[in-house]
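Listed below are the residues making up each chain.
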Amino acid sequence: MNYYSLLKINNLIKNPRLKFLGLLCFHILKKRYISVQFDPVNACNLRCKMCYFTDKDYVKKLKGLFPKEELPLLSKAVLKRAAKLQVGCGTEPTLYKNLDDIFILAQQAKVPYISMTTNANLIEKDTLRNWVLHGLNEITVSLHGVTKESYEHFMGKGNFDRFLLSLQYITEIKKEFPDFKLRINYTFNEDNFLELKDFWKTFKDINIDYLQIRPIDKIGNTEYNNFSLEKILPVYNEVYTLVNKKAIEHNTILIAPKLDRLNYKQSMNSVIRPFTYCYISPLVFWHKDFNWKQETYNQYCKRTGFTSQMIRLIFAKNATIQALQNKSLNYDIN
Ligand code: SF4
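Residues numbered from 1 in each chain as written. Predicted model: local features only at pLDDT ≥ 70, side-chain atom pairs only at ≥ 80, totals over all residues. Heavy atoms only, no water.

Chemist: Would you explain the overall build of the chain in this entry?
Modeler: Each helix and strand in the chain was counted, giving 14 helices and 11 strands. With respect to the three principal axes, the spread of C-alpha positions in the chain is 55 × 45 × 40 Å. In the chain, which comprises 334 residues, the share counted as buried stands at 52%. The long-range fraction of contacts in the chain, counting pairs at least 24 apart against all pairs at least 6 apart in sequence, stands at 79%. Just so you have it, the chain exposes about 16000 Å², and 54% of that area is on carbon and sulfur atoms. (Helix = DSSP H or I, 4+ residues; strand = E, 2+ residues; numbered from the N terminus. Buried < 20%, exposed > 50% of the residue type's maximum accessible area, 1.4 Å probe, protein only. Contact = heavy atoms within 4.5 Å. Areas by Shrake-Rupley, 256 points an atom, 1.4 Å probe, with all protein chains shown as cover.)

Structure below.
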């Protein structure tokens, strides 16, 4: 079962108690259920206007590089229970010189789905081929504009022609490795939403497996700060339907919130997130009480009573479960 199937099942199960029960079963049966989200370097070559990389105060705090010599410890601590490794979550992973080592370790740990998110302005074909040979299953590319003008406006320091060249490289590599996936994440706002109508004109020759469209989110004092969706709401369904129709013609799976969920920020899907979403960066390693250099995730769970915690949650009061919800959109996977 691939990672997107697991996501679909999680979306289908509405009852949070059943989600905890499922998690408990996965845990007891020693199945993989953690999603490891790893930013190996706290830097980015771009300055996108909707991103905290345009928030000077935030960027001052974003420093550091994950030590290469500690990668095997990271692997030992969490990768044996990882259903997915996502490299690059909030920074640019291609600035990290030891990406090969990460993919090799994940491949050795038999992580079933290894993905990387990038702005794709620095991708080279031979390097990409190596990553795929070392186990990379999917590349996710961030996009904030469909035309050169809009792309370079919203993705400060980005180069649209170089971006298209990278997409071309990815399409060529996909011919060599047909199972390798390309996903595009398009973040929209009131000023770039209607461009989605032309998405397939610009990218008609690119072999895209998944297209996610998602609204702007406030993630700091960003340069672009119009968070309203008012102008989008009346035309959302029309654009959604058009994009989805073309996506089907191109064999692309569209991942997008339905109109009624566009402004809905609370999701029961997120109640299991604290137990499955393992964020690692040069400054953070998931739960503060996890001594990852000395113990594995299994040992941590035993020490902190994961099983009894899940049982308590299965029978917890509604208010306790409500409190576990965090900000998250419900996405439909078409
Ligand atoms: S490429 Fe990604 S991390 Fe870099 S500035 Fe743009 S949105 Fe932020």
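Chemist: Explain the pattern of salt bridges here, please?
Modeler: Pairing between side chains of opposite charge can happen when the charged atoms of each approach one another. In the structure shown here, the tally under the stated rule is 16 salt bridges. One salt bridge connects K231 with E190, and the closest N-O pair in it is separated by 3.9 Å. On the criterion of sequence distance, the pair formed by K231 in the loop between β8 (210–215) and α10 (233–249) and E190 in the loop between β7 (181–188) and α9 (199–202) is long-range, its members being 41 residues apart. On the basis of relative accessibility, which here comes to 15%, the residue E190 falls in the buried class. In this structure, the salt-bridge partner of R303 is E295, at a minimum N-O distance of 2.7 Å. A relative accessible area of 10% places E295 in the buried class. Each of D126, R129 and E176 takes part in a single network of salt bridges with overlapping partners. (Salt bridge = Lys/Arg side-chain N within 4 Å of Asp/Glu carboxyl O.)

Chemist: How do you make sense of the pairing of strand β5 (residues 138–143) when you look at a structure like this?
Modeler: In the case of a regular strand, side chains alternate between the two sheet surfaces. With respect to burial, β5 is a largely interior element, 6 of its 6 residues being buried. Covered by surrounding structure in β5 are E138, T140 and S142 together with I139, V141 and L143, the residues of both alternating faces. Pairing of strand β4 (residues 114–118) with β5, which is carried by 4 bridges, proceeds in the parallel orientation. Considered in β5, the bridge of T118 is made with V141. The β-α-β motif built from β4, the intervening helix α6 (residues 125–133) and the parallel element β5 has right-handed crossover chirality. (Pairing = 2+ DSSP bridges. Right-handed = clockwise from strand over helix to strand, strands pointing away.)

Chemist: Please clarify how the environment of K8 should be interpreted in this entry.
Modeler: Along the chain, K8 falls in helix α1 (residues 3–12). Its relative accessible area of 40% is what places K8 among the partly exposed residues. Along the chain, K8 and I28 lie 20 residues apart, while their C-alpha atoms are 22 Å from each other.

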